[in-house]
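In case you want the letters, here they are:
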Amino acid sequence: MAMTEAQSNSAAYRRTVVFYLLPEFTMIAFTSAVEALRSANRMLGYDAYNWRLSCESGGSVSASNGIEVITKTSIEEERKLLSASSRPTLFLVCGGTNIENFTTKSVMGLVREEYARGIAIGGLCTAAYVIAAAGLLSGKRCAIHWENMPGFQEKFPKAEVYADLFEVDSNIYTCAGGTAALDMMLSLILEDFSDELVNRICEQMLTDRVRAASDRQRLPLRARLGVQNARVLAIIELMEANLSEPLSLLEIANHVGLSRRQIERLFRHEMGRSPARYYLEIRLDRARHLLVQSALPVVEIAIACGFVSASHFSKCYRELYAKSPQQERAERKQLLVA
């Protein structure tokens, strides 16, 4: 049960949060989380939440937008603080782009050590990848940004990843990033205090509500595609749920209670192409995300997207994107180096 603000003040209730910044972390997720805590302190009239910034070696870290942020501690210093009064109650890893490149043995080791000491662990944006790589998400619910979901699912099949805004499971907090970090931190403040405090923070930050953990990350299909036909939307949702083992048009027809000809006509009218073509395009779109967001071999990406062979996958990919999967990945690497 959440404590009242009066009870919390009288008990000098406090949390210490460490924000561990990975290179190329997402600024909006980080600042959304920090500002929620700052606003809570302002409304309470005392520092219920204290925080410090950390990174692998200490010093400055550049966000994905190029802004440099100065941190206070390094990994080694955080290890020493585990035995001090300033040990954190929540250790939040802040991720962003190219998360695989920054998932080092040292940060994974620290995450495991913090969790073993009874400290809550969290991940903003793509940082669920670090927590999963540290071996802490097997059999646990988690959230990660929708762009990174395909690669994450292939890399960590034992993690129960959802396209939710945030998830809390066994003292592990993960969120999809962006403004979802605000929702997750407001839910934490609600655990500590009251609805009244959270509502006052929302008013101060000009947001009308705390979104639920299970709210969608992406726009609903109707808004995203500009399609109003409920039957077409139902078929597309079915396709998106079956990318690694594509359904036949007959199977889709049986699922939705339409004939194959009816589905063909609907897609020609609403989507401007056949259902088979549309299904192929969304499978290739998933493959493109895997190519640029993961280090999976091309043959594994082909299988994950429902292609019977790497050669067939490459042929289809080249026809749609005018480049091979290998060229796509090479161009991505060149952009990262530039």
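Residues numbered from 1 in each chain as written. Predicted model: local features only at pLDDT ≥ 70, side-chain atom pairs only at ≥ 80, totals over all residues. Heavy atoms only, no water.

**Student:** Is there a simple way to think about the packing of helix H11 (residues 249–256) against helix H12 (residues 260–270) in this case?
**Tutor:** Geometrically, a packed helix pair is captured by the angle between its two axes and the distance between the axes. Between H11 and H12, whose axes approach to 9 Å, the crossing angle comes to 95 degrees. Relative to H12, H11 is oriented roughly perpendicular. Seen from H11, the contacting residues are Leu249, Leu250, Ile252, Ala253 and Val256; seen from H12, they are Arg260, Ile263 and Glu264. Looking at the contact of H11 with H12 residue by residue, the class counts come to six nonpolar, no polar and two charged. (Axes fitted to C-alpha atoms, helices over the stretch in contact; angles between N-to-C directions. Helix = DSSP H or I, 4+ residues; strand = E, 2+ residues; numbered from the N terminus. Parallel < 35°, antiparallel > 145°, perpendicular 65-115°, else oblique. Contact = heavy atoms within 4.5 Å. Nonpolar A, V, L, I, M, F, W, Y, C, P; charged D, E, K, R; others polar.)

**Student:** Help me understand the sheet that holds strand S1 (residues 15–21) in this model?
**Tutor:** Strands belonging to one sheet form pairs held by backbone hydrogen bonds; the direction of such a pair is parallel or antiparallel. Pairing is mixed across the open sheet formed by six strands, whose spatial order is S2-S1-S5-S6-S10-S9. Where the open sheet ends on each side, the last strands, each with one partner, are strand S2 (49–54) and strand S9 (166–169). The average angle at which neighbouring strand axes cross in this sheet is 15 degrees, direction not considered. As paired strands, strand S5 (residues 90–94) and strand S6 (residues 120–124) are joined by five bridges and run parallel to one another. Note that in S6 the partner of Val93 across the bridge is Gly123. Sitting on the sheet, helix H2 (residues 27–44) is in contact with S1, S2, S5 and S6, with an inclination near 155 degrees to S2. Lying over the sheet, helix H4 (residues 105–116) contacts S1, S5, S6 and strand S10 (172–175), oriented at roughly 155 degrees with respect to S5. (Pairing = 2+ DSSP bridges.)

**Student:** Sorry if this is basic, but what is going on with helix H7 (residues 180–192) here?
**Tutor:** Note on helix geometry: an α-helix contains 3.6 residues per turn, so any two residues three or four positions apart are oriented the same way. If you check H7, its first and last C-alpha atoms are 19 Å apart, about what 13 residues at 1.5 Å a residue would give, namely 18 Å. For H7, the set of buried residues is Ala180, Ala181, Leu182, Asp183, Met184, Met185, Leu186, Ser187, Leu188, Ile189 and Asp192. (Expected span 1.5 Å × (residues − 1). Buried < 20%, exposed > 50% of the residue type's maximum accessible area, 1.4 Å probe, protein only.)

**Student:** It is not clear to me how the state of the cysteines should be interpreted in this structure. Could you clarify?
**Tutor:** Chemically, a disulfide is nothing more than a covalent bond linking the sulfur atoms of two cysteines. Going through the model one piece at a time under the given rule, you end up with zero disulfides. No disulfide involves Cys94; its sulfur sits 9.0 Å from the nearest other cysteine sulfur, which is in Cys175. Assessed through its relative accessible area of 1%, Cys94 is described here as buried. With no disulfide of its own, Cys142 lies closest to Cys175 among cysteine sulfurs, the gap being 12 Å. (Disulfide = S-S within 2.5 Å.)

**Student:** What is the right way to read the side chain of Ser274 from this model?
**Tutor:** For Ser274, the location among the structural elements is in the loop between H12 and helix H13 (275–293). The exposure class assigned to Ser274 is buried, which follows from its relative accessible area of 13%. Not counting chain neighbours up to four residues away, the residues in contact with Ser274 comprise Glu264, Phe267 and Arg268.

**Student:** Would you mind showing me how to read the pattern of salt bridges here?
**Tutor:** Between side chains of opposite charge, pairing is possible as soon as their charged atoms come close. Counted according to the given criterion, the structure contains 15 salt bridges. We note a salt bridge from Arg15 to Asp192, for which the minimum N-O separation is 2.6 Å. Here the residue Arg15 occupies a position in strand S1, and Asp192 occupies one in helix H7, the gap between them amounting to 177 residues. In this pair, the class of Arg15 matches that of Asp192, namely buried. Residue Glu35 pairs with Arg38 through a salt bridge whose shortest N-O separation is 2.8 Å. Within this pair, Glu35 and its partner Arg38 are both found in helix H2, separated by three residues, close to a single helical turn. One salt-bridge network, held together by shared partners, links Arg288, Lys323, Glu328 and Glu331. (Salt bridge = Lys/Arg side-chain N within 4 Å of Asp/Glu carboxyl O.)

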